[in-house]
Amino acid sequence: MAKSAAEWNAPPKFPATHYVDSRIYTDQAIFDEEREKLFKPSWIIACHESEIAAPYDYRLFNHPAGVPLIVVRGDDGNVRAFYNICPHRGNTILYDPSGNAKRMTCIFHQWSFDSRGNCVDITRAEQGYQDRFCKADAGLREVRCELAFGGFVWVNLVDDCAPVREFVGGALDILEPYMQQPMEIFHYHKAHVRTNFKLWHDTNSEFYHDFIHYFNRITGMLQPGYFQRKYTGFPNGHATVGSMQVQYDKYDGSKERRVGWPGLAPGGWYMIDIFPGMTYNLRTSVLRIDTAIPIGPNEVIIEFRGLGLKSDSAEERSQRVFDHNMIWGPFGRNLHEDLLGVHGQGRAMRGGTDSRWVLQGREENSTIHDECGMRHYYAEWSRRMGRPAYDPYREGKPEPALQAA
Amino acid sequence: MAKPELRQAIEELIYRSCLALDAGEYKAFLAMCENDFRYTIATYSPEIRRDMVWLDHDRKGMETLFGNLPKHNSDHSPLTRHATVYTVEIDGDVANVVSALQVFRTLLDGGATELFAVGRFHDTVKLDGADAKLARRLVKLETRLLGYGYHVPF
């Protein structure tokens, strides 16, 4: 039965933890607050160590909180991260997204920095600053940086933050046995989508949307084990999804994957969602990593990485690339569908559309079509933001939710 | 240097391949391809400083890809492929052809057209008298930001 305006605006008939107010996906003030409260204090994946394999290799990263960063491997082999902002006149220091730079020199006035963040040259320093300011006063702003969980470079903007292992907790325990061998990146691309970053993370946090994917329906949903996959929530808003044996050969044009992953059962598939916008996705022969970089409340850039093993033969690597592209490349069968899905949500939820609620009410004993993964995320969101996602403006707890609570 | 009539036949093959794909006439496109046809989309990532392959299929793989399209949820905005043949180099019964490629996408609602991607076709054309067929198509993309992507190859 279609709804009147009053019925459309009325809170859903679920417990308040089982839906969110759509305005958390569109409001600029909420978005600005999210950058401060969700992204700034969180550990975020900036890149993989294989992207900066040699001394002085660097990689730029636009941190989701808004800060431009340089991740660089030092002359001592250690990886560090700095603001890509010259301490002199606030200019960009490095422009190319990656490279090798023994000295990082700002083109504006040629101030130069080494791979440890020390200023090593100020042009005409003595003439201009006499003894009032020197190289020791002009170091780069360093941010916390750790290599962890498969050789990924994690960064944190808060100096006194807890270690990354404390932030992740046990969420990646399920994947650690499969990340013991050195990995290597073979794929990187970005998708720019007019949607909210949380909607992308939501998509990675629920499998009910497998109905959009013919590939997943035929190779997964219709196969044994699919409905036994279970979600597990972890502190700090992270969640994991258990494995099954995907039947790749059920899709015309696909076949059982010849190249597997050390220790992983044939056809195995684990997903781990890391708060507030990252996903590890180990699917049989390829590890995919998503990192959401929000631009605005209705605009996000998602970085996609594909990784194989550093020890791959040419044939093995070629097969991993093929497996990756079949579903996850820019022309892949699944990624386009997922991105269309969140693009559609962005269209329907932008300001003025009168989108009101997003339901997360499915309960199936934490199995694959349960929406507990999203609920777990928004519980952490509410904790960090200091108000519930179902009532972000403190307009009063909706009546049905009150009863349910 | 290719003879004018041969070059014309080769150029026409490239342009007809674009027209067929634009129209979704996949059988017509495949009819322009050799049995051992191979199609690849590749690009270079300055971010990770690596060559990347984004799609790679033999003829059978392309047939399957086209055949599966109706089973998938896809963006239905039509593409318009604009190719300009730059160079044709004849080597016996093979021509190596490099063409500039621009791909435009036209939105169904309102009909706005946007530039979707630029790159080049690196085609290998098999010559058999007056007959010319695609033996290999390598699409080398410059554009890497493709929004929510697309299911149909360029």
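Residues numbered from 1 in each chain as written. Chains lettered and ligands numbered in written order. Predicted model: local features only at pLDDT ≥ 70, side-chain atom pairs only at ≥ 80, totals over all residues.

Moving on to the interface of chain A and chain B. Listed as interface residues are 30 residues of chain A and, on the opposing side, 30 residues of chain B. Of all the secondary structure elements, the ones that give two or more residues to the side of chain A that touches chain B are strand E12 (183-193), helix H7 (314-327) and helix H8 (333-349) of chain A. No other element matches E12(A), which puts 9 residues into the side of chain A that touches chain B. A class-by-class count of the residues in the side of chain A that touches chain B yields 15 nonpolar, 9 polar and 6 charged. (Contact = placed C-beta atoms within 7 Å. Helix = DSSP H or I, 4+ residues; strand = E, 2+ residues; numbered from the N terminus. Nonpolar A, V, L, I, M, F, W, Y, C, P; charged D, E, K, R; others polar.)

All names here are of chain B. Spatial ordering of the open sheet is given by E2-E1-E6-E5-E4-E3, a layout of 6 strands whose pairing is mixed. Two strands close off the open sheet at either side, each with one partner strand: strand E2 (50-58) and strand E3 (79-91). Looking at each pair of strands side by side, their axes are set apart by 20° on average, direction ignored. For E3 and strand E4 (residues 94-106), the ladder comprises 12 bridges, and the chain directions are antiparallel. Bridging across to E4, Thr84 finds its partner in Ala100. Sheet strands touched by helix H1 (residues 4-22): E3, E4, strand E5 (113-128) and strand E6 (131-141). Its angle to E3, the strand with the most contacts, is close to 155°. (Pairing = 2+ DSSP bridges. Axes fitted to C-alpha atoms, helices over the stretch in contact; angles between N-to-C directions.)

All names here are of chain A. On domain assignment, one finds that chain A holds domain 1 (44-165) and domain 2 (174-385). With 3 residues, the top contributor of residues to the side of domain 1 that touches domain 2 is strand E2 (residues 44-48). Here the side of domain 1 that touches domain 2 is built from residues that sort into 4 nonpolar, 5 polar and 1 charged. (Domains from an automatic or database assignment.)

This part is about the packing of helix H5 (residues 197-205) of chain A against H8(A). Residues and elements named next belong to chain A. Taken N-terminus to C-terminus, the directions of H5 and H8 make an angle of 135°; their axes are 10 Å apart at the nearest point. Accordingly, the angle class assigned to the pair H5 and H8 is oblique. In this structure, the crossing between H5 and H8 has a hand that is right-handed. Here Leu199, Trp200 and Thr203 of H5 come into contact with H8, specifically with Asp338, Gly341, Val342, Gln345 and Gly346. (Parallel < 35°, antiparallel > 145°, perpendicular 65-115°, else oblique. Left-handed = near helix turned anticlockwise from the far one by under 90°.)

All names here are of chain A. Read from one edge of the open sheet, 3 strands run E7-E8-E9, paired in antiparallel fashion. On the outer flanks of this sheet lie strand E7 (104-105) and strand E9 (119-121), each paired with one strand and no other. Both strand E8 (residues 112-113) and E9 contribute to a ladder of 2 bridges, which runs antiparallel. Following the sheet pairing, Ser112 is matched in E9 by Asp121.

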